[in-house]
Amino acid sequence: MQRTGVIIYAKFKNHQVMIGGGDPLKTLLISFLIGCCLAIVGIVATYYAWKRKQNNVEYITTPSEEDILMHIEEGKKWLITSWLMVLLVFFISSMTALLILFLDPTNGILFYGNLFFWAVFFFLLWGLRTFKRISVYREMKNAILYR
């Protein structure tokens, strides 16, 4: 991974992105929109691949109450981990956006990094479905507790 970073830095260290006419806000907006578009392309490609393999899906029988309790506890751990991943990527995206705003709006590494992290952020939001997991977790917990 270090070699890849060195190669990318060597390739893009003097690369200037003249998008938005040098205006930092326009550059950030364009980076954000392209990142959203990349995320949508990734989501559509993932959905297409899933649809192609949908015939191979195995259906699980109804789990026992012990299995449900175990899944609730494991789901809580995964929910916390997934939220931390989403927050970390959002933090990195925000930091690269601040660097673009305050340092150099034409810096290629910052622009492509910001674009990449916004795309990853939206792909994680879609892929991890954190909001849906929270509602399912609450419903399952309430269904078990109030039996």
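Scroll up a little and you will see the structure.
Residues numbered from 1 in each chain as written. Predicted model: local features only at pLDDT ≥ 70, side-chain atom pairs only at ≥ 80, totals over all residues. Heavy atoms only, no water.

**Thoughts on the side chain of Asn 114**
Filter applied, for reference: Every helix listed is a DSSP run of H or I at least four residues long, and every strand listed is a run of E at least two residues long, numbered separately from the N terminus. Contact between two residues is taken to exist if any of their heavy atoms lie within 4.5 Å; hydrogens are not considered.
Within the element layout of this structure, Asn 114 appears in helix 4 (residues 108-128). Aside from chain neighbours lying at most four places away, what touches Asn 114 is Leu 28, Ser 31, Ser 93, Thr 96, Ala 97 and Ile 100.

**Quick notes on helix 4**
Defined as follows: Working rule for helices: expected span equals 1.5 Å times residues minus one. The buried label applies to any residue whose accessible area, calculated with a 1.4 Å probe on protein chains only, is under 20% of its type's maximum; exposed applies above 50%, and partly exposed to all values in between. N or O atoms within 3.5 Å of each other form a polar contact, as long as, within protein, one can give a hydrogen and the other can take it, and as long as residues adjacent in sequence are counted only when both atoms are side-chain atoms.
Between the first and last C-alpha of helix 4 there are 30 Å, a value that for 21 residues agrees with the 30 Å anticipated at 1.5 Å per step. For helix 4, the full list of buried residues reads Gly 108, Leu 110, Phe 111, Gly 113, Asn 114, Leu 115, Trp 118, Ala 119, Phe 121, Leu 124 and Leu 128. Regarding helix 4, its N-cap is Asn 107, as a side-chain oxygen of that residue lies 3.0 Å from the backbone nitrogen of Ile 109 further along. Directly beyond the C-terminal end of helix 4, a positive phi value near 50° is found at Arg 129.

**Here's the deal with the packing of helix 2 (residues 24-52) against helix 3 (residues 65-102)**
Just so we agree on the cut-off: For helices, the axis comes from a line fit to the C-alpha atoms of the stretch in contact; other axes are also lines fit to C-alpha atoms, and the angle between any two N-to-C directions lies between 0 and 180 degrees. The labels follow the angle: roughly parallel below 35 degrees, roughly antiparallel above 145, roughly perpendicular from 65 to 115, and oblique for the rest. Here a crossing is taken to be left-handed if its near helix is turned anticlockwise relative to the far helix by less than a right angle, and right-handed if that turn runs clockwise. Residue polarity follows a fixed list, in which Ala, Val, Leu, Ile, Met, Phe, Trp, Tyr, Cys and Pro are nonpolar, Asp, Glu, Lys and Arg are charged, and the others, Gly among them, are polar.
It is at 8 Å that the axes of helix 2 and helix 3 come closest, and there the two elements cross at 150°. The angle between helix 2 and helix 3 places the two elements in the roughly antiparallel class. Read as a crossing pair, helix 2 and helix 3 show a hand that is right-handed. In this structure, helix 2 uses Pro 24, Leu 25, Thr 27 and Leu 28 to contact helix 3, whose residues at the interface are Ala 97, Ile 100 and Leu 101. Of the residues belonging to the contact of helix 2 with helix 3, the class tally is six nonpolar, one polar and no charged.

**Section: the packing of aromatic side chains**
Applicable threshold: To pair, rings of Phe, Tyr and Trp, with the six-membered ring standing in for Trp, must have centres within 6.5 Å; the planes then decide the type, stacked if under 30 degrees apart, edge-to-face if over 60, and tilted in the middle.
Counted according to the given criterion, the structure contains eleven aromatic pairs. A centroid spacing of 5.9 Å and a plane angle of 70° characterise the contact between Phe 90 and Trp 118, whose relative ring orientation is edge-to-face. Within this pair, whereas Phe 90 is found in helix 3, its partner Trp 118 is found in helix 4, the two being separated by 28 residues in sequence. Each member of the aromatic cluster is reached from another via a ring pair, and the members are Phe 32, Phe 90, Trp 118, Phe 121 and Phe 122.

**Points about the environment of Trp 83**
The residue Trp 83 is located in helix 3 in this model. Along the backbone, Trp 83 and Met 18 are 65 residues apart, and their C-alpha atoms lie at a distance of 35 Å.

**Observations regarding the state of the cysteines**
How we decide: What counts as a disulfide here is a pair of cysteine sulfur atoms lying within 2.5 Å.
In the structure shown here, the tally under the stated rule is zero disulfides. Here Cys 36 is not disulfide-linked; the sulfur of Cys 37 is the nearest cysteine sulfur, at 6.9 Å.

**Points about the packing of helix 3 against helix 4**
For the pair helix 3 and helix 4, interaxial distance at closest approach is 9 Å and the crossing angle is 155°. Judged by the angle between their axes, helix 3 and helix 4 are roughly antiparallel. For the pair helix 3 and helix 4, the sense of crossing is left-handed. Note on element contacts: helix 4 touches helix 3 through Leu 110, Phe 111, Asn 114, Phe 117, Trp 118, Val 120, Phe 121, Leu 124, Leu 125 and Leu 128, opposite Trp 78, Ser 82, Met 85, Val 86, Val 89, Phe 90, Ile 92, Ser 93, Thr 96, Ala 97, Leu 99 and Ile 100. The class makeup of the residues in the contact of helix 3 with helix 4 is 18 nonpolar, four polar and no charged.

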